[in-house]
Each structure stands twice: as structure tokens, then as C-alpha cells.
Amino acid sequence: MRRFENQVVVITGSATGIGAATARRFAAEGAWVACLDINDAGNRATAAAARAAGVEALALPCDVRSHADQDGAFEIVKAAWGRIDVLVACAGVYVGGPLPEIPLDRWEDVVAVNLTGVLVSNSLAAPVMTAQGRGSIINIASMAAKTSWPFSAEYSGTKSGVVGITRSAAMELGPHGVTVNAVCAGNTLTDMVRKVAGEIGPTVGMTAEEWLGMRADDTALKRLARPEEIAGVVAFLASEDARYLTGQAIEVDGGLVLS
């Protein structure tokens, strides 16, 4: 079933991981996909995979820390296709360390990507969607917004902020037919999570694989998510079946919250 035939979907952070899986999912369901990412090679590969599904796709270089970059990319999308039906704000980074050792410049960079980047993309999509009288915004947060761990203040703080943006935007845009939701993903087998495992595992006397195994054991399902499983929930939130669902921070965590 192609639920998004000829709809326009903009995805930030589309070069790898959840963003890339989301682009492939929407393309498989008929959407035209605009891929925005600072990783140009990976982003082009994602757009090529979307075109292989028989849809139109754009690969737009974009550093979400730059308002000008995002604004320019959105203008290209509007000029090319005339509308934006779905925004998936997925671009994000993880860094961690002891609270007393967090350098201010690193904190500001994480905020610029994970929080300000989401705010800007939402603010650029909002007037297009309100003019159409319809649209769906899905912000990728994290279970770190609802629970947390040591050495994760930067990541948890920014992802909690994403949930706050989502709730406020849902209230503001709802009267115009626009839904806004967040996906609070649990640990997902992406390059970023594997990198985190390689960095954090040794600090607690574990290999990367042992650390990932420990995180899997924290869940009811005893495994980590695949990016495609998060993408499936994103697609649901953009679909007709979710038109009365807004302002939510959906836990997609394999039962992590139960532990």
C-alpha cells in the first residue's frame, strides 16, 4: 500500500540511521523525499535509494546548525514541489561525559544540532503546512527525554527540549490541521549508537558489544531496535490513521520504560 503517493516529505539527518531508513520507508510508500544532511555522500546515497523506489528525491547539503542552510533547503523544496506534507526532524548528535567536565562550547554545539536545529525546521515547515491547512511534523527525540543515565546531561537535556517544542507546536498548529508528535526512540542499531558503545563501554569495563548487550537486556524484548522499526512508527504518525493524534511523545523503546 502506498499511503503517501505524491506527498512531499522533508527529512533532516537523512544520510544514515533512522533518517535514512525513514527516507526509504516514505519512498517505498510513494512519497517524494527531500533529504537534508551535512554528510553529502551518505545523503546522496539515501536519495538514490529513494529514486530506486520510483519516486522523486532531492539530496540537499544542509547543516542544521545553520538557519541559512535550512532556509535555503526548504526554499528549494518549495520551488521544486510547491508543498510540504511531512517534516521529519531527525538530525541529532550524541556526546557524553561527566557533568563537571562538560565544556561550554560542546554543550552549545549539541544544543545547536539537537534543539535549535529542530526548532528551526519546525518553524520553516509551519507556515507552509498552515497555508495548506494540513501537515504532519514528527520530531525524533529519545527515551533519554523521559529517563536518563549518568554522563548524558547534554543529550538528555536537548532531547527533553525536543519534547517541549513538540507539545507547544502541536497546540499552536493544531487549529490549522497540522499534527506534531515526537518519537522517543530507545537504543537503535545505528552508527551513532555503535560509536557511543565504543566510547562508553570501555569506561565501565565492557567491550562495545557487551555494552550493547547490556542495553538490550534493559528492554522487555531483550534486543535493540532496527532503524526500520522506528521509521515504521514515523510513517504511522504521518498517515491518515494518526490524524487525531498530536502533541504526543511516543515511546518506541522495546519496553525499556518497564525496567
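For the structure itself, look to the data block above.
What you see is a predicted model, and the numbers here were worked out from it, not measured in a lab. (Residues numbered from 1 in each chain as written. Predicted model: local features only at pLDDT ≥ 70, side-chain atom pairs only at ≥ 80, totals over all residues. Heavy atoms only, no water.)

Phi at Asn6 takes a positive value of approximately 65°, unusual for a residue other than glycine. Structurally, Asn6 is set in the segment before strand E1 (8-12). With relative accessibility at 45%, the residue Asn6 sits in the partly exposed group. Non-glycine residue Phe151 carries a positive phi angle of around 65°. Its place among the elements puts Phe151 in the loop between strand E5 (135-140) and helix H5 (153-173). Its relative accessible area of 45% is what places Phe151 among the partly exposed residues. (Helix = DSSP H or I, 4+ residues; strand = E, 2+ residues; numbered from the N terminus. Buried < 20%, exposed > 50% of the residue type's maximum accessible area, 1.4 Å probe, protein only.)

Moving on: the packing of helix H1 (residues 17-28) against helix H8 (residues 227-238). H8 packs onto H1 with a crossing angle of 55° between their chain directions and a minimal axis gap of 8 Å. The orientation of H1 with respect to H8, classified from their angle, is oblique. Both H1 and H8 take part in a crossing whose hand is right-handed. Contacts from Gly17, Ile18, Ala21, Thr22, Arg24, Arg25 and Phe26 of H1 reach H8 at Pro227, Glu228, Ile230, Ala231, Gly232, Val234, Ala235 and Ala238. Along the lines of polarity and charge, the residues of the contact of H1 with H8 split into nine nonpolar, three polar and three charged. (Axes fitted to C-alpha atoms, helices over the stretch in contact; angles between N-to-C directions. Parallel < 35°, antiparallel > 145°, perpendicular 65-115°, else oblique. Left-handed = near helix turned anticlockwise from the far one by under 90°. Contact = heavy atoms within 4.5 Å. Nonpolar A, V, L, I, M, F, W, Y, C, P; charged D, E, K, R; others polar.)

The tally for this structure, following the rule as stated, stands at 17 salt bridges. With its nearest N and O atoms 2.8 Å apart, the salt bridge here joins Glu154 to Arg106. Here Arg106 lies in helix H4 (residues 104-132) and Glu154 lies in helix H5, a separation of 48 residues in the sequence. By relative accessible area, which is 26% here, Arg106 ends up partly exposed. (Salt bridge = Lys/Arg side-chain N within 4 Å of Asp/Glu carboxyl O.)

The next thing to look at is the state of the cysteines. In this structure the tally under the stated criterion is zero disulfides. Cysteine Cys90 remains unbridged, with the sulfur of Cys35 as its closest cysteine sulfur at 11 Å. Judged by relative accessible area, Cys90 falls into the buried class, the value being 11%. (Disulfide = S-S within 2.5 Å.)

Moving on: the sheet that holds E5. With parallel pairing, the seven strands of this open sheet are ordered in space as E3-E2-E1-E4-E5-E6-E7. Every interior strand has two partners, whereas the edge strands, strand E3 (57-61) and strand E7 (249-252), have only one. Each strand axis lies, on average, 15° off the axis of its neighbour in the sheet, ignoring direction. In this structure, E5 lies alongside strand E6 (residues 178-185), joined through six bridges in parallel fashion. Opposite Gly135, over in E6, you have Val178 as the bridge partner. (Pairing = 2+ DSSP bridges.)

All right, on to the nonpolar core then. Residues Phe26, Val88, Ile138 and Val183 are the most contacted members of the largest nonpolar core, which totals 29 residues. Looking at this core element by element, the count peaks at five residues for H8. Residues within four places of Ile138 in sequence aside, it is in contact with Val86, Leu87, Val88, Ala89, Asn181, Val183, Val234, Leu237 and Ala238. One finds Ala34, Leu60, Trp81 and Leu87 within the second-largest nonpolar core, a separate group that totals 24 residues. (Core = buried A, V, L, I, M, F, W, Y, C linked by side-chain atoms within 4.5 Å.)

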